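Analysis of the macromolecular model
Chain by chain, the residues run as shown.
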Amino acid sequence: MTSDPVSAPVLAASAVRWLAGRKVIVDGVTVSVDEGRTLGLIGPNGSGKSSLIRLLAGLRPPAAGKVTLDGKPMSGFARRELARRVSVVEQHSATEANVTVIDVVRLGRTPYRSALSPWTQDDDRIVTEALVRVGLNDRREQFWHTLSGGERQRVQLARALAQSPSVLILDEPTNHLDIQHQIDILRLVSELPLTTVVAIHDLNLAARFCDVIAVLSEGRLVACGSPTDILTEQMIADVFGVEAHISTSPHHGRLHIQFLM
Ligand SMILES: Nc1ncnc2c1ncn2[C@@H]1O[C@H](COP(=O)(O)OP(=O)(O)OP(=O)(O)O)[C@@H](O)[C@H]1O
């Protein structure tokens, strides 16, 4: 008897736990994301989204449980190898003063360079492509400190794309963006052939652009599945404490959540 091979998820956290001092911040969370899919992390402020993101990105080890990339423990990857595979844009990415947009995006190529490998035309092409994708190629010479919050977020995304990752992890990538750029960036991210994890507050955008949604509350995973299975009026009342009406949009066929205030 033959059966289809079962493919392992690209990125998976299994019963991960993380503590700040003695306080449990991430409490036994199991989530995974398959190749090319977009996993959205939602949950109230302080529910542990950023903390889980740092574990999934390999930026810190879990106190218990494990994170795997292509089925291999994250802890087994060398720093440089991990940086070639996984790009992260955190909520407040620090960047030095007196650098230009293109300087920041070029940093994305760091994992591919060494003292013996000069900057190549390929590096230039990849950096330009990333700038074009986020709509900032004409700002490449502008100084970082003169950019708006939303422009900085788009530059950080371009830096992450220039890393040519297979996994992209984004912590609230749209929180400074106007509505057009929110939609543009999430559409771009969801259409890229990358495996993506995105922490996001806007439930309508999560419904529209994520394939799978994981809901966190007080550090625990309370639900995980397709947007239609997960985003229910009951879940929104239980987890966010807000009454909502959910319908299917006649325009794009995805869920439309209205908050009843
Ligand atoms: N290093 C730390 N030391 C102490 N407490 C921490 C630390 N990191 C996170 N926390 C706490 O853990 C909880 C979860 O924080 P986290 O930033 O992961 O939540 P979040 O869901 O991303 O929140 P938000 O939606 O507000 O960005 C918060 O109560 C936060 O204060």
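For clarity, every value in this text was computed on a predicted model and none was experimentally measured. Residue indices follow the written sequence of each chain, beginning from 1 at its first position. Local features are withheld for residues below a pLDDT of 70 in this predicted model, meaning they are given only at 70 or higher, and side-chain atom pairs are given and counted only at 80 or more; totals for whole chains, interfaces and linings count all residues. Only hydrogens and water are removed before side-chain values are computed, so all heavy atoms of the structure are retained for them.

1. As for the overall build of the protein chain
Regarding its fold elements, the protein chain presents 9 helices and 12 strands. Computation of the radius of gyration draws on C-alpha atoms, with the globule rule given as 2.2 Å multiplied by the number of residues to the power 0.38. Whereas a compact globule of 261 residues would reach a radius of gyration of roughly 18 Å, the protein chain reaches 19 Å, a difference of no more than 12%. To sort residues, take the accessible area from a 1.4 Å probe on protein chains only and compare it with the maximum for the residue type: under 20% means buried, over 50% means exposed, and anything in between is partly exposed. When each of the 261 residues of the protein chain is scored for burial, the buried share is 45%. Long-range contacts, defined here as pairs at least 24 residues apart, represent 62% of the contacts in the protein chain between residues at least 6 apart. Using a 1.4 Å probe, accessible areas were evaluated by the Shrake-Rupley method; residue-level cover was limited to the displayed protein chains. Looking at the protein chain as shown, the accessible area adds up to about 13300 Å², and 50% of this sits on carbon and sulfur atoms. Here Asp and Glu are counted as negative and Lys and Arg as positive; His is not counted, and neither are the chain ends. The atoms used to mark charge sites are NZ of Lys, CZ of Arg, CG of Asp and CD of Glu. Charged side chains in the protein chain number 27 positive and 28 negative. The centres of these two groups are separated by 6 Å. To qualify as a helix, a DSSP run of H or I must reach at least 4 residues; to qualify as a strand, a run of E must reach at least 2; elements of each kind are numbered from the N terminus. Whether two residues are in contact is decided by their heavy atoms: any pair within 4.5 Å suffices.

2. Looking at the site of the ligand
When at least one non-hydrogen atom of a residue lies within 4 Å of a molecule or strand, that residue is treated as near it. Surveying the vicinity of the ligand reveals 15 residues, the closest of which are Asn45, Gly46, Lys49, Ser50 and Ser51. In this structure, an oxygen atom belonging to the ligand sits 3.0 Å away from a side-chain N or O atom of Asn45. Residues adjacent in sequence count toward polar contacts only when both atoms are side-chain atoms; beyond that, a polar contact is any pair of N or O atoms within 3.5 Å, and within protein one must be able to donate a hydrogen and the other to accept it. Note that an oxygen atom of the ligand is positioned 2.6 Å from one of the side-chain N or O atoms of Ser51. Taking 630 Å² as the accessible area of the ligand by itself, protein coverage stands at 61%. Of the residues forming the shell around the ligand, the biggest block, 3 residues, is contributed by helix α1 (residues 49-56). Residues were grouped as follows: Ala, Val, Leu, Ile, Met, Phe, Trp, Tyr, Cys and Pro as nonpolar; Asp, Glu, Lys and Arg as charged; and all remaining residues, including Gly, as polar. In terms of residue class, the shell around the ligand is made up of 4 nonpolar, 8 polar and 3 charged.

3. A short note on helix α5 (residues 149-162)
Between its first and last C-alpha, α5 extends 20 Å over 14 residues, near the 20 Å set by a 1.5 Å rise per residue. With 12 of 14 residues buried, α5 is to be regarded as a mostly interior element. Those residues of α5 that fall on the buried side of the exposure criterion are Gly150, Glu151, Gln153, Arg154, Val155, Gln156, Leu157, Ala158, Arg159, Ala160, Leu161 and Ala162. On its buried face, α5 sits against β6 (86-89), α3 (101-106), α4 (121-133), β7 (167-171) and α6 (179-191). Positive phi shows up at Ser164, right after α5, with a value of about 45°. To estimate how far a helix should extend, the number of its residues minus one is multiplied by 1.5 Å.

4. Overview of the packing of aromatic side chains
The description of an aromatic ring pair uses the distance of the two centres, along with the angle that the planes make with each other. What counts as a ring pair is set by centres within 6.5 Å for rings of Phe, Tyr and Trp (its six-membered ring), and what kind of pair is set by the plane angle: stacked under 30 degrees, edge-to-face over 60, tilted for all other angles. Per the stated rule, a full pass over the model turns up 0 aromatic pairs. Should the NZ of a Lys or the CZ of an Arg lie within 6 Å of a ring centre and within 35 degrees of the ring normal, that charge is described as sitting over the ring. Positioned above the aromatic ring of Tyr112, the side-chain terminus of Arg109 is 4.2 Å from the ring centre.

5. Looking at the confidence of the model for the protein chain
What pLDDT conveys is the predictor's confidence in a given residue, as a value from 0 to 100. Model confidence for the protein chain is summarised by a mean pLDDT of 92, while 96% of its residues fall at 70 or above. The secondary-structure element of the protein chain with the lowest mean pLDDT is α6, recorded at 89, while strand β9 (residues 212-217) shows the highest, at 98. In this model residues 1-5 is a low-confidence stretch, pLDDT under 50, and it forms 0 contacts with partners more than four residues away in sequence or in other chains. Note on the complex model: pTM 0.92, ipTM 0.97.

6. Topic: the nonpolar core
Membership of the largest hydrophobic core comes to 50 residues, with the highest contact counts inside it found for Ile42, Val105, Leu157, Leu161 and Leu168. The element that contributes the greatest number of residues to this core is α5, accounting for 6 residues. Once residues within four sequence positions are removed from consideration, Leu157 is found in contact with Val89, Val134, Leu168, Leu170, Ile185, Leu188 and Val189. In this structure, Val16, Leu55, Val88 and Ala214 belong to the second largest nonpolar core, which totals 30 residues. The criterion is simple. A nonpolar core is a set of buried Ala, Val, Leu, Ile, Met, Phe, Trp, Tyr and Cys residues joined through side-chain atoms within 4.5 Å.

7. Side note on the environment of Val134
Relative to the helices and strands, Val134 is located in the loop between α4 and α5. Note on Val134: relative accessible area 4%, which makes it buried. In the structure, Val134 is positioned 50 residues away from Asp184 in sequence and 8.4 Å away in space, judged by C-alpha atoms. Those residues in contact with Val134 that lie beyond four places of it in its chain are Arg154, Leu157, Ala158, Leu161 and Leu188.

8. Quick look at the environment of Arg80
For Arg80, the location among the structural elements is in helix α2 (residues 79-85). Between the C-alpha atoms of Arg80 and Arg113, which are 33 residues apart in sequence, the distance is 9.9 Å. Each residue touching Arg80, except ones within four places of it in the same chain, is listed here: Thr110, Pro111, Tyr112, Arg113 and Ser114.

9. Observations concerning the environment of Val29
Checked against the element boundaries, Val29 lands in strand β2 (residues 23-33). Sequence-wise, Val29 and Val127 are 98 residues apart; in three dimensions their C-alpha atoms are separated by 35 Å. Every residue in contact with Val29, bar those within four places of it in the chain, is listed here: Ala13, Ser14, Ala15, Val16, Leu52, Leu216, Gly219, Arg220 and Leu221.

10. A closer look at the sheet that holds strand β8 (residues 195-199)
In short, DSSP must find at least two bridges between two strands for them to pair. As summarised here, the arrangement of the 6 strands in space is β6-β7-β8-β3-β9-β10, forming an open sheet in which the pairing is mixed. Both outer strands of the open sheet, β6 and β10 (220-225), are each paired with one neighbouring strand and no more. Taken over all neighbouring pairs, the strand axes of this sheet differ in orientation by 15° on average, direction set aside. The pairing of β6 with β7 spans 4 bridges and is classified as parallel. The convention used is that axes are lines fitted to C-alpha atoms, helices contributing only their stretch in contact, and that angles between N-to-C directions extend from 0 to 180 degrees.

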